[in-house]
Amino acid sequence: MKFLFQVYFSFFGFTAICQEHVHWRADVMEKNESLTPIRIFAEIEQGWHLYSAKTPKNAGPIPIHFEVQKNRSVKIKMPFVEKTKAIKKFDANFDSDVYIFEDEFLGEFKVKTKKDTILKMTVTYMICNEVMCLPPIDELLSIKLDTNE
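Thresholds, definitions, all that
Residues numbered from 1 in each chain as written. Predicted model: local features only at pLDDT ≥ 70, side-chain atom pairs only at ≥ 80, totals over all residues. Heavy atoms only, no water. Core = buried A, V, L, I, M, F, W, Y, C linked by side-chain atoms within 4.5 Å. Buried < 20%, exposed > 50% of the residue type's maximum accessible area, 1.4 Å probe, protein only. Helix = DSSP H or I, 4+ residues; strand = E, 2+ residues; numbered from the N terminus. Contact = heavy atoms within 4.5 Å. Disulfide = S-S within 2.5 Å. pLDDT = per-residue confidence, 0-100. Patch = residues over 30% accessible without salt bridge, like charges linked within 9 Å, V, L, I, M, F, W, Y side chains within 5 Å. Areas by Shrake-Rupley, 256 points an atom, 1.4 Å probe, with all protein chains shown as cover. Salt bridge = Lys/Arg side-chain N within 4 Å of Asp/Glu carboxyl O. Lys, Arg positive; Asp, Glu negative; His and termini not counted. Charge placed at Lys NZ, Arg CZ, Asp CG, Glu CD.

Student: Would you mind going over the nonpolar core with me for this structure?
Tutor: As a rule of thumb, nonpolar side chains are buried together in soluble globular proteins. Formed by 26 residues in total, the largest nonpolar core has its most connected members in Val 22, Trp 24, Ile 40, Leu 50, Ile 64, Phe 105 and Tyr 125. Of all elements in the fold, only β1 (22-28), β2 (36-44), β8 (104-113), β9 (117-125) and β11 (137-145) reach the threshold of two or more residues within this core. Not counting residues within four places of it along the chain, the set of residues in contact with Ile 64 comprises Trp 24, Leu 50, Tyr 51, Ala 53, Phe 101, Phe 105, Val 123, Thr 124 and Tyr 125. Formed by six residues, the second largest nonpolar core is a distinct cluster that contains Tyr 51, Val 98, Ile 100 and Cys 128.

Here it is in C-alpha cells:
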C-alpha cells in the first residue's frame, strides 16, 4: 500500500510540473501602410509569472526572448516590443528585483512581406511561482502572412 501511495504522488507531482502554465497565440493585425503588425499574446495561469526583458541580466531568471526564423519573404521592420507594462517586484527565488508579467502578456513587432508565407517564431521563457521555477521553455509559434490582406 505504501508503494502505491508513493507511485501515485510521484506521478501526480510529475504531472503537475509538466502542465502548461502559459498559453501563447500569435495574431496578424490589420496592415498600416506597408507594414504588418504581429501581436504575440500569452495567458498566464494564476499564481505564475513570466520575466520581462527589462529584468537585469545578472538577476538570475531567463526573460522572455523572441526569435523569428529566417524567411526570405519577410523582413522585420520594427523589433519586438513588450506592450504590457511589466511589474517591478522583489523575487525571493533569485534574491533580486525583477520585472514580471502576471495574468497576461502582449508584445508586437512589424514586418514587411514580399509574398504569402508562413512565419515561424520561437519564444523562450521561464515561469515561476512563489515556491519554484520551471526550466526555460521554447514554444514554437507560426502564423500565415497573406500579402493580399
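The structure having been displayed, the exposition proceeds.
Student: Would you mind showing me how to read the state of the cysteines here?
Tutor: By definition, a disulfide is the covalent link that joins the sulfur atoms of two cysteine residues. Tallied over the entire structure, the rule returns one disulfide. In this model Cys 128 forms its disulfide with Cys 133; the gap between the sulfur atoms is 2.0 Å. Classification of the bridge connecting Cys 128 and Cys 133 rests on its S-S torsion, roughly 110 degrees, and on that basis the disulfide is right-handed.

Student: Sorry, what's going on with unusual backbone geometry here?
Tutor: Across residues other than glycine, the phi torsion is negative in most instances, and most of the peptide bonds are trans. Phi at Asp 95 is positive, roughly 50 degrees, even though this residue is not glycine. Of note, Asp 95 is situated in the loop between β6 (87-91) and β7 (96-102). Look at Asp 103: it is not a glycine, yet its phi comes out positive at around 75 degrees.

Student: What exactly am I supposed to notice about the confidence of the model for the chain here?
Tutor: Low pLDDT marks stretches whose predicted atomic positions should not be read closely. Summary statistics for the chain give a mean pLDDT of 85 and a share of 87% for residues scoring 70 or more. Confidence over residues 1-18 falls short of pLDDT 50; this stretch has three contacts with residues more than four positions distant or in other chains.

Student: Help me understand a negative patch on the surface, please; the structure alone is not making it clear to me.
Tutor: Together, Glu 43, Glu 102, Asp 103 and Glu 104 make up a region of like negative charge exposed at the surface. Along the chain, Glu 104 falls in strand β8.

Student: Explain the pattern of salt bridges here, please?
Tutor: Close approach of charged atoms lets side chains of opposite charge pair. Going through the model one piece at a time under the given rule, you end up with three salt bridges. A salt bridge links Asp 27 to Arg 25; the nearest nitrogen and oxygen atoms lie 3.0 Å apart. With relative accessibility at 40%, the residue Arg 25 sits in the partly exposed group. In this structure, the salt-bridge partner of Arg 39 is Glu 108, at a minimum N-O distance of 2.7 Å. Pair noted here: Arg 39 is in strand β2 and Glu 108 is in strand β8, with a separation of 69 residues, a long-range link.

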